Protein chains: 2
Amino acid sequence: MDARIDELQRKGAAISNVISLAGGLPAPELFPRAALAASFLRAIHAPRGDAFQYGWPEGRERLRAWVASRLRQRGADVLDKDVVITSGAQQALDIAIGMLFRRGGRIGCDAESYAGALDLFRARGIEPVIDRGGAGVRYVMPQVSNPRGDAMSEDARRELVRRARRDGSAIIEDDAYADLRFASLPGPPLVAEERRRVWHIGTLSKTVSPGLRVGWLVPPRQFRKAAIESKRAADLQANSLAQTILEDFLFRIDFDRFTERARRFYARRAQRLARALQRHLPEWRFREPSGGFAIWAETRAVADDAAFLEFALKQGVSVDPGSSFRVGPGETMALRLSFATENARRIDEGVVRLARAWRRFRRRR
Amino acid sequence: MDARIDELQRKGAAISNVISLAGGLPAPELFPRAALAASFLRAIHAPRGDAFQYGWPEGRERLRAWVASRLRQRGADVLDKDVVITSGAQQALDIAIGMLFRRGGRIGCDAESYAGALDLFRARGIEPVIDRGGAGVRYVMPQVSNPRGDAMSEDARRELVRRARRDGSAIIEDDAYADLRFASLPGPPLVAEERRRVWHIGTLSKTVSPGLRVGWLVPPRQFRKAAIESKRAADLQANSLAQTILEDFLFRIDFDRFTERARRFYARRAQRLARALQRHLPEWRFREPSGGFAIWAETRAVADDAAFLEFALKQGVSVDPGSSFRVGPGETMALRLSFATENARRIDEGVVRLARAWRRFRRRR
């Protein structure tokens, strides 16, 4: 991560009155605290104390079974034993690229992609490039992209799979926001269409809780054993406590009904942010997202987004600079604005502050 | 990990009646379940829901402060902000070697060392070699070594630090078992003697709970920022739930008194295993450990330890083959025998089974 942006974000987070349109943190009011607490209390009294003990590197059996069964419901040929539980989706991605790239190389991405993934690729000596068909590995978010919050078209999906089959390239499918499409349950993942070339990645961070750090990787079958060894090398195993709580929790609820509430909740917040932007910052362009946590807003100005962030923080609002999400250089300044964390009133007030910051920024010097 | 040994260990773990002298799992009866549950219940009601939310990559402030203060008590110049909370000591080690080795190389180790570290080094293309003074990076466990359970002599410590200063090499100090020296509190860590060349690693896995996956890395100061970025790339952050529970728990107890109980407990079990070995397997040689979870037992036979493990499992006892811990080839067969997991009666019975397996193994063919 850019050191200056990191420093500014930390400064912003330390000021209590800053409204956060940055970061993509799920709404704390959606954490199912009471249910997780009940699961915790059941877990800690289990005689062997599994929740506190070492476990296998691939993760707990019932949790793997839950993940596999969700993927089978969506049409994918995934056995329980195909699932490797990871310390969040980020680690699943790290394991996948560690196996796909022996030393360095290029990875094909959308022009805008998840900043945490881009940082990871670069940290591992892999250069993200805008995918124009030539990359041996592609990183995609077909259901709900980050930062744009849109779905890949049917044509683009077909073309992606066709290309992978033709040139033998690999696809990393990051499904992190798939359960947060506003209008519908997640469609079939790419791994349902092409099992041998797709590395599927998922997480409970967006729907249940990011602090539990539980995600998963479903590698192509021939990489299963090596993926487990890679997981073991990285940190032995995902934390037992969260796994034990989650497997209890997930088998007690109807997950689709659980996410339905979240999907409606975030759809309302997305609309609220969109309306506020239309009203107070009509010169910015954006498309209303179809899922996820954020709106990708493009200004028409050529400007330094870290400099703008300083202005925004002075007005009491934080945002994510668009440059963090861009694979190549952008022409005009863009921002990722999250509607996930703050309530409706604070979203409105955050945009008012943002508009004030924008006016001052435009008049600077 | 050797695939055959892995498969055998999994087979052993799946049989309910097998007595485990393998694995190094802490005794479940020592998990402070009630206190951790109380900390959990306090944590989940905090308004922002920190336990379930994203946090900073370096970890929670109070937890870092606790680690730093423990190290300062032991004489090390460590500030709160020098501590990076990791997903267990294993990840701390992965981050350290990732920064110390750009591509491959050799790492100096004791002739026997922690199997998880050796696996990790090899997975990352780094060759563990027996340290004879030439390695640019050394991996050591000065307080309580694994698998031998002994402390480094004062002379060896002085020589190690002297060499690092002379040739500018780095030392990775794995302090995982430091709080489990049977007869005394941990002495000064190497990082107290040499701050600029020592990468210090610790964990709560052996004393509080391995399932929580909380460890730490204290890199030399010039690597602090890069270590945090490396942690972020690997998995964003250690899990918030465990961190939140632990920081509450650790500030409510007297940690030295807490570990005193564990130190006495494991000392008794170590003695029990030692007595049983002397009685039933007098031809095996070992030194009584001064801390940790295991006894390193050497047979006088030249034999395949994985083949012996098969015999042991048939008799209902599992052990860790010594080859997993050896940096070079060993001359005679050795085993790591853990006394941590099973109670006294089962330790006795485990050794009876082990002796039976040994007799049959010696008579085979």
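This structure is a prediction, so every number in the text was calculated from the model and none was measured. (Residues numbered from 1 in each chain as written. Chains lettered and ligands numbered in written order. Predicted model: local features only at pLDDT ≥ 70, side-chain atom pairs only at ≥ 80, totals over all residues.)

1. Section: the overall build of chain A
Broken down by element type, chain A carries twelve helices and eleven strands. Expected size for 365 residues packed as a compact globule is a radius of gyration near 21 Å; at 21 Å, chain A falls within 12% of this value. Counting only C-alpha atoms, chain A reaches 65 × 50 × 35 Å along its principal axes. Burial statistics for chain A: of 365 residues in total, 56% are counted as buried. The contacts in chain A between residues at least 6 apart in sequence include a share of 77% that link residues at least 24 apart. (Helix = DSSP H or I, 4+ residues; strand = E, 2+ residues; numbered from the N terminus. Rg over C-alpha atoms; globule rule 2.2 N^0.38 Å. Buried ≥ 20, exposed ≤ 12 C-beta atoms within 10 Å, placed from the backbone. Contact = placed C-beta atoms within 7 Å.)

2. Topic: the domain arrangement of chain A
All names here are of chain A. Taken domain by domain, chain A comprises domain 1 (3–24 + 256–362) and domain 2 (33–253). Between domain 1 and domain 2, the residue contacts involve 22 residues of the former and 25 residues of the latter. For the side of domain 1 that touches domain 2, the secondary-structure elements that each account for two or more residues are α10 (255–280) and β9 (294–298). Per-element tally for the side of domain 1 that touches domain 2: the top contributor is α10, with eight residues. Here the residues of the side of domain 1 that touches domain 2 are counted per class, giving eleven nonpolar, six polar and five charged. (Domains from an automatic or database assignment. Nonpolar A, V, L, I, M, F, W, Y, C, P; charged D, E, K, R; others polar.)

3. Focus: the sheet that holds strand β10 (residues 317–321) of chain A
All names here are of chain A. Pairing in this open sheet of four strands is mixed, and the strands run β1-β10-β11-β9 from one edge to the other. Only two strands of the sheet have a single neighbouring strand rather than two, namely β1 (19–21) and β9. On average, each strand axis in the sheet is inclined to that of its neighbour by 30 degrees, with strand direction left out of account. Contacts from helix α11 (residues 305–314) reach β10 and β11 (334–338), with the element oriented near 170 degrees to β10. (Pairing = 2+ DSSP bridges. Axes fitted to C-alpha atoms, helices over the stretch in contact; angles between N-to-C directions.)

4. What about the interface of chain A and chain B?
Counting residues at the interface gives 42 residues for chain A and 42 residues for chain B. Sorting the residues of the side of chain A that touches chain B by element identifies α2 (33–44), α4 (88–100), α5 (115–123), α8 (224–235) and α9 (240–250) of chain A as the ones contributing at least two each. At six residues, the largest contribution of residues to the side of chain A that touches chain B is made by α8(A). Per-class residue counts for the side of chain A that touches chain B are 20 nonpolar, 13 polar and nine charged.

5. Topic: the packing of helix α4 (residues 88–100) of chain B against helix α8 (residues 224–235) of chain B
Residue and element names in this part refer to chain B. Between α4 and α8, the least distance of the axes is 10 Å, while the angle of their chain directions is 120 degrees. The orientation of α4 relative to α8 falls into the category oblique. The interaxial crossing formed by α4 with α8 has right-handed handedness. On α8, the residues touching Gln91, Ile95, Gly98 and Met99 of α4 are Ala226, Ala227, Ser230, Lys231 and Ala234. (Parallel < 35°, antiparallel > 145°, perpendicular 65-115°, else oblique. Left-handed = near helix turned anticlockwise from the far one by under 90°.)

6. Overview of the sheet that holds strand β9 (residues 294–298) of chain B
Residues and elements named next belong to chain B. Pairing is mixed across the open sheet formed by four strands, whose spatial order is β1-β10-β11-β9. Edge positions in the open sheet fall to β1 (19–21) and β9, since each of these has one partner strand only. Direction aside, the axes of adjacent strands within the sheet are offset by 30 degrees on average. By the bridge criterion, three bridges tie β1 to strand β10 (residues 317–321) in an arrangement that is parallel. Residue pairing in the sheet places leucine 21 in a bridge with valine 319 of β10.

7. Description of the pairing of strand β4 (residues 126–130) of chain A
All names here are of chain A. Relative to β4, strand β3 (residues 105–109) runs parallel, the two being bridged by five bridges. Opposite cysteine 109, over in β4, you have isoleucine 130 as the bridge partner. Viewed along the sheet, the connection from β3 through α5 into β4 turns out right-handed. (Right-handed = clockwise from strand over helix to strand, strands pointing away.)

8. Remarks on the relation of the copies chain A and chain B
Superposition of chain A onto chain B requires a rotation of 180 degrees combined with a translation of 0.0 Å along the rotation axis, giving an RMSD of 0.0 Å. Taken together, the rotation and translation relating the two chain copies correspond to the operation of a two-fold axis. Distance from the rotation axis, computed per C-alpha, reaches its smallest value in chain A at A:Asn239: 3.8 Å. Comparing interface residues between copies, 100% of those in chain A also lie at the interface in chain B; the contact surface is shared. (Least-squares fit on C-alpha atoms with pLDDT ≥ 70 in both.)

9. Focus: the environment of A:Ala37
Position of A:Ala37 among the secondary structure elements: in helix α2. What A:Ala37 contacts, discounting residues up to four positions off in sequence, is B:Leu41 and B:Ile44.

10. Some thoughts on the environment of A:Val129
Residues and elements named next belong to chain A. Note on placement: valine 129 falls in strand β4. Sequence separation between valine 129 and leucine 281 is 152 residues; the distance between their C-alpha atoms is 31 Å. With residues near it in sequence (within four places) discarded, valine 129 still touches Arg106, Gly108, Ala135 and Val327.

11. Quick notes on unusual backbone geometry
Residue and element names in this part refer to chain A. Backbone torsion omega between asparagine 146 and proline 147 reads 15 degrees, so that peptide bond is classified as cis. Among the secondary structure elements, proline 147 is positioned in the loop between β5 (137–140) and α6 (154–167). Its identity is not glycine, yet arginine 213 carries a phi of approximately 55 degrees, on the positive side. Within the fold, arginine 213 resides in the loop between β7 (198–203) and β8 (215–218).

12. A few points about the environment of A:Gly75
Within the element layout of this structure, A:Gly75 appears in the loop between α3 (61–73) and β2 (84–86). C-alpha separation for the pair A:Gly75 and A:Ala192, spaced 117 residues apart in sequence, amounts to 5.4 Å.

13. Some points on α4(A)
Residue and element names in this part refer to chain A. A rise of 1.5 Å per residue sets the reference length of α4, with its 13 residues, at 18 Å; its end C-alpha atoms lie 19 Å apart and thus fit the reference within 8%. Burial within α4 is extensive, with ten of its 13 residues counted as buried. Residues of α4 that are buried include every one of Gly88, Ala89, Gln90, Gln91, Ala92, Leu93, Asp94, Ile95, Ala96 and Ile97, and no others. (Expected span 1.5 Å × (residues − 1).)

14. Here's the deal with the packing of α5(A) against α8(B)
In the contact formed by α5(A) and α8(B), the axes pass within 9 Å of each other and the chain directions differ by 115 degrees. α5(A) and α8(B) meet at a crossing whose hand is left-handed. Taking contact as the criterion, the partners of A:Asp119, A:Leu120 and A:Ala123 in α5(A) are, on α8(B), B:Glu229, B:Ser230 and B:Ala233. Residues of the contact of α5(A) with α8(B), tallied by class, amount to three nonpolar, one polar and two charged.

15. Some thoughts on α8(B)
The first and last C-alpha atoms of α8(B) sit 17 Å apart over twelve residues, in line with the 16 Å expected at 1.5 Å per residue. Those residues of α8(B) not exposed but buried are B:Ala227, B:Ile228, B:Ser230, B:Lys231, B:Arg232, B:Ala233, B:Ala234 and B:Asp235. Elements that come into contact with the buried residues of α8(B) comprise α4, α5 and α8 of chain A together with β2 (84–86), α4 and β8 (215–218) of chain B. Phi turns positive one or two residues past the end of α8(B), at B:Leu236, with a value near 70 degrees.

16. What to know about the confidence of the model for chain A
Averaged over all residues, the pLDDT of chain A equals 95, while 100% of them reach at least 70. On the interface metric, ipTM, the complex scores 0.96, and its pTM is 0.97. (pLDDT = per-residue confidence, 0-100.)

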